[in-house]
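Structural features, examined
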Amino acid sequence: EADPRVFSKEPPIQEKPSIPEKPPIPEKPRTDLVGEQMELFGEKSESRILVKEARANYRIIGQLFDTYWLVEYEDKFLMIDQHAAHEKVLYERIRNRVKSEPVPSQMVAPPVILRLTIAQQELLNLYPELFAEMGFEIEEFGGDDYAVRGVPAILPSLAKKELLMEIMDQLESGLDRQNLTDTLREKLATIACKAAVKGRQRISREEMEALLDQLLLLENPYRCPHGRPTMIVMTKAEVEKNFKRIV
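Summarised in this report is the structure supplied together with it.

1. Comments concerning the overall build of the chain
Helix and strand counts for the chain come out as eight helices and seven strands. Here the chain holds 247 residues, and the buried ones make up 35% of them. Put simply, of all contacts in the chain between residues at least 6 apart along the chain, 68% involve residues at least 24 apart. Accessible surface for the chain amounts to roughly 16100 Å². Of this, 53% is attributable to carbon and sulfur atoms.

Put into structure tokens, the structure is as follows:
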């Protein structure tokens, strides 16, 4: 159809030229949050946030969401994840202990009854001293059943079956004795993490004070065994910038 404006006596309406849209401002790429935090922690002892020499300067403010502890230190504000922090403390404690001495055993009653395959029974008979080093006391119970009467005393409620079957699996995979021992010690320390205080679990200020004291003794208290940060840190300047007190 013909444009009606062509036959109109009125002057044609002039269309306004379109104004080009401004290109969007590119967002500043975010660096890794954990990496930024680690820069705050520093590698040298004098720049570390958690140092036992400065223990008197830490002030616990309180608990947030029954999970995070708020701590003031000099011109910094720390938010500590109680679960990740406790995991790290337990992991380091158990790992260092099992590296230096045999794992003590604790008796369990009633015993844990396991049904083992022929191959697993052969491994048990071939490496009895290895199981003893890991804190297990095992004896035949009849047929294919075996009674676990002793478990690692450092985590009696957690390592009854899981660690024992891990030993079996590693032996069946053909791992040599030395590597197996190191692997299982690491596994034992990892299992210990399950005993850590959970998130959304209220703990007392005294318990948090004790946890903070133990964190200060670690060489690297800033990450849990699984790689998550145990804390995040903000400087006073960052807090004031967020409130527009400074620019």
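2. Quick word on the packing of aromatic side chains
Two aromatic rings, taken as a pair, are described by how far apart their centres are and by the angle between their planes. In the structure shown here, the tally under the stated rule is one aromatic pair. Measuring from centroid to centroid gives 4.4 Å for Tyr58 and Tyr73, while their planes differ by 25°, and the two rings are stacked. Separated by 15 residues along the polypeptide, Tyr58 in strand S1 (residues 58–64) and Tyr73 in strand S2 (residues 68–73) bring together distant segments of the chain.

3. Examining the side chain of Gln121
Its location among the elements puts Gln121 in helix H3 (residues 118–126). Engagement of the side chain of Gln121 in a polar contact is seen with the side chain of Tyr146, the distance being 3.4 Å. Once residues within four sequence positions are removed from consideration, Gln121 is found in contact with Leu116, Asp144 and Tyr146.

4. Details of the side chain of Asp81
Position of Asp81 among the secondary structure elements: in strand S3 (residues 76–81). Taking relative accessible area as the criterion, Asp81 reaches 12% and is therefore assigned buried. Reaching out from Asp81, the side chain makes a polar contact with the backbone nitrogen of Ala84 at a distance of 3.2 Å. Not counting the four nearest positions on each side in its chain, Asp81 is found in contact with Thr67, Tyr68, Arg228 and Thr230.

5. What to know about the packing of helix H2 (residues 82–100) against helix H7 (residues 205–215)
Across the interface, H2 lies against H7 with an axial gap of 10 Å and an inter-helix angle of 50°. In terms of their interaxial angle, H2 and H7 are classed as oblique. For the pair H2 and H7, the crossing hand works out as left-handed. Along the contact surface, H2 presents Gln82, Ala85, His86, Val89 and Arg93, while H7 presents Leu211, Gln214 and Leu215. Residue composition of the contact of H2 with H7, by class: four nonpolar, three polar and one charged.

6. Here we look at the sheet that holds strand S7 (residues 231–235)
Judged by pairing direction, the sheet is antiparallel, and its four strands sit side by side in the order S1-S2-S3-S7 without closing on themselves. Strand pairing shows two members of the sheet lacking a second neighbour, S1 and S7, which therefore form its edges. Strand-to-strand twist in this sheet, taken as the mean axis angle between neighbours without regard to direction, amounts to 20°. When S3 meets S7, the two strands line up antiparallel, connected through five bridges. In the strand pairing of S7, Phe77 is matched with Met234.

7. Comments concerning the environment of Val108
Residue position: Val108 is located in strand S4 (residues 105–115). Taking the relative accessible area as the measure of exposure, Val108 reaches 14% and is therefore buried. Sequence separation between Val108 and Glu137 is 29 residues, and the spatial gap between their C-alpha atoms is 9.7 Å.

8. Some points on the pairing of S3
The pairing of S2 with S3 spans six bridges and is classified as antiparallel. Along S3, the bridge assignment pairs Trp69 with Ile80. Where S2 folds back on S3, the antiparallel hairpin that results is connected by two residues, among which Glu74 adopts a positive phi of roughly 50°.

9. Quick look at H3
All of the buried residues in H3 are Gln120, Gln121, Leu123 and Leu124. All buried residues of H3 fall inside an arc of 160° around its axis, so they share one side. Seen from the open side of H3, the exposed residues pointing more than 90 degrees away from its buried face are Ile118, Glu122, Asn125 and Leu126. Check the buried side of H3 and you find it contacts S4, helix H4 (128–133), strand S5 (137–142), strand S6 (145–152) and helix H5 (162–172).

Cut-offs applied
- Residues numbered from 1 in each chain as written.
- Predicted model: local features only at pLDDT ≥ 70, side-chain atom pairs only at ≥ 80, totals over all residues.
- Heavy atoms only, no water.
- Helix = DSSP H or I, 4+ residues; strand = E, 2+ residues; numbered from the N terminus.
- Buried < 20%, exposed > 50% of the residue type's maximum accessible area, 1.4 Å probe, protein only.
- Contact = heavy atoms within 4.5 Å.
- Areas by Shrake-Rupley, 256 points an atom, 1.4 Å probe, with all protein chains shown as cover.
- Phe/Tyr/Trp six-rings, centres within 6.5 Å; stacked < 30°, edge-to-face > 60°.
- Polar contact = N/O pair within 3.5 Å; in protein donor to acceptor, adjacent residues only side chain to side chain.
- Axes fitted to C-alpha atoms, helices over the stretch in contact; angles between N-to-C directions.
- Parallel < 35°, antiparallel > 145°, perpendicular 65-115°, else oblique.
- Left-handed = near helix turned anticlockwise from the far one by under 90°.
- Nonpolar A, V, L, I, M, F, W, Y, C, P; charged D, E, K, R; others polar.
- Pairing = 2+ DSSP bridges.
- Arc of directions from axis to C-beta.

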